[in-house]
Amino acid sequence: MSSTSPCYAVLDFETSGLSPSVGSRATEIAVVLWQDGREVDHYQSLMNAGVRIPAQIEQLTGISNAMLRSAPPVATVMREVADFVGDLPLVAHNAAFDRKFWDHELGLLGRQRRQDFACTLLLARRLLPQAPDHKLGTLTRWAGLPDAGRAHRALADARMAAQLLQYLLETAQRKHGAAQLDHRQLCQLQKVSAARVADFFMQHA
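Everything in this summary refers to the structure shown in the same document.

Rules used throughout
Residues numbered from 1 in each chain as written. Predicted model: local features only at pLDDT ≥ 70, side-chain atom pairs only at ≥ 80, totals over all residues. Heavy atoms only, no water. Helix = DSSP H or I, 4+ residues; strand = E, 2+ residues; numbered from the N terminus. Buried < 20%, exposed > 50% of the residue type's maximum accessible area, 1.4 Å probe, protein only. Phe/Tyr/Trp six-rings, centres within 6.5 Å; stacked < 30°, edge-to-face > 60°. Contact = heavy atoms within 4.5 Å. Core = buried A, V, L, I, M, F, W, Y, C linked by side-chain atoms within 4.5 Å. Axes fitted to C-alpha atoms, helices over the stretch in contact; angles between N-to-C directions. Parallel < 35°, antiparallel > 145°, perpendicular 65-115°, else oblique. Left-handed = near helix turned anticlockwise from the far one by under 90°. Nonpolar A, V, L, I, M, F, W, Y, C, P; charged D, E, K, R; others polar. Salt bridge = Lys/Arg side-chain N within 4 Å of Asp/Glu carboxyl O.

Re unusual backbone geometry
In this structure, Asp36 takes a positive phi of about 55° despite not being glycine. The topology assignment puts Asp36 in the loop between β2 (26-35) and β3 (38-46). Judged by its relative accessible area of 49%, Asp36 is partly exposed. Positive phi, normally seen in glycine, also occurs at His152, with a value near 70°.

Here it is in structure tokens:
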């Protein structure tokens, strides 16, 4: 990739439940590599972690227990996707959720995350306070972003989050005169209170 602009690894998990702390495991992952306002590569796979998917989760995602029985083992998928991501900066929508599963599944392989997550949910709250709410689907429709496919499937959600990231970067430039924000600045901005967003951009002008 010859461009000097950052390449982001935008990821999304589908899972059997809300948290690894209650025994939930990853069932699908997708990562979209996003650079210069476009997708340059992606990785997607179901994964079999030996857990059953509750009926309400199957209804939400369309991922069935039968689909997981023929999916590759979770360890194989997580090794592949960790190698695919490498040290690229990570982005997710509601990153607190995805970070738990990323760290847990990598930890079972004896591997550890080295980079922070930027969160498009937190960034949208600061840059798009006028949005009706900050759910990924709502923001995608509200901003008129392209339809990426079925919601609650990992690749469609990762693509929506990547498009939202681009919209947020352009909003920061349009509303606040910000040059291209890097990943470190995005991680700083998502921790700033809404009342201090303008001050943040003045300091980084």
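A word on the packing of aromatic side chains
The description of two aromatic rings rests on the distance between their centres and on the angle between their planes. Overall, the coordinates contain five aromatic pairs when judged by the stated rule. Their ring planes at 55° and their centres at 6.4 Å tell us that Phe13 and Trp102 sit as a pair that is tilted. Of the two residues, Phe13 is situated in strand β1 (residues 7-15) and Trp102 in helix α4 (residues 95-108); the sequence distance between them amounts to 89 residues. Taken as a pair, Phe13 and Trp102 share a single burial class, namely buried. Relative to Phe84, the ring of Tyr43 has its centre 5.9 Å away and its plane inclined at 40°; by these criteria the two rings are tilted. Separated by 41 residues along the polypeptide, Tyr43 in strand β3 and Phe84 in helix α3 (residues 74-85) bring together distant segments of the chain. Residue Tyr43 is classed as buried on the basis of its relative accessible area of 13%. The partly exposed category is assigned to Phe84, whose relative accessible area is 22%. Put simply, the rings of Phe13, Phe97, Phe101 and Trp102 pair up and form one aromatic cluster.

Quick look at the side chain of Ser16
Note on placement: Ser16 falls in the loop between β1 and β2. When sequence neighbours within four positions are dropped, the list of residues in contact with Ser16 reads Ser24, Arg25, Thr27, Val51, Arg52, Pro54 and Ile57.

With respect to the nonpolar core
Core analysis: the biggest nonpolar cluster contains 38 residues, and Val10, Leu128, Leu181, Leu186, Leu189 and Phe201 have the highest contact counts within it. At the level of elements, β1, β2, α5 (120-127), α6 (136-142), α7 (154-176), α8 (183-189) and α9 (197-203) are the ones that each hand at least two residues to this core. Once residues lying within four places of it in the same chain are set aside, the contact partners of Leu186 are Tyr8, Ala118, Leu123, Leu165, Leu169 and Leu181. In terms of nonpolar packing, the next biggest core, distinct from the first, is built from 26 residues, Phe13, Ala82, Ala92 and Ala95 among them.

What to know about the packing of α3 against α4
At their nearest, the axes of α3 and α4 sit 10 Å apart, and the two run at 110° to each other. Taken together, α3 and α4 sit at an angle that is classed as roughly perpendicular. For the element pair α3 and α4, the recorded crossing hand is left-handed. Listed contacts from α4 to Val74, Met78, Val81, Ala82 and Val85 of α3 are Trp102, Glu105 and Leu106. Of the residues contributing to the contact of α3 with α4, the split by class is seven nonpolar, no polar and one charged.

Comments concerning the environment of Gly149
Position of Gly149 relative to the elements: it lies in the loop between α6 and α7. Residues Gly149 and Ala161, spaced twelve residues apart in sequence, show a C-alpha to C-alpha distance of 12 Å.

Some details on the pattern of salt bridges
Within the structure shown, the criterion is met by seven salt bridges. The closest approach of N and O atoms between Glu105 and Arg25, which form a salt bridge, is 2.8 Å. You can see Glu105 sitting in helix α4 and its partner Arg25 sitting in the loop between β1 and β2, a full 80 residues away along the chain. An identical accessibility class is assigned to Glu105 and Arg25; each is buried. For the salt bridge of Arg159 with Glu39, the shortest nitrogen-to-oxygen distance reads 2.8 Å.

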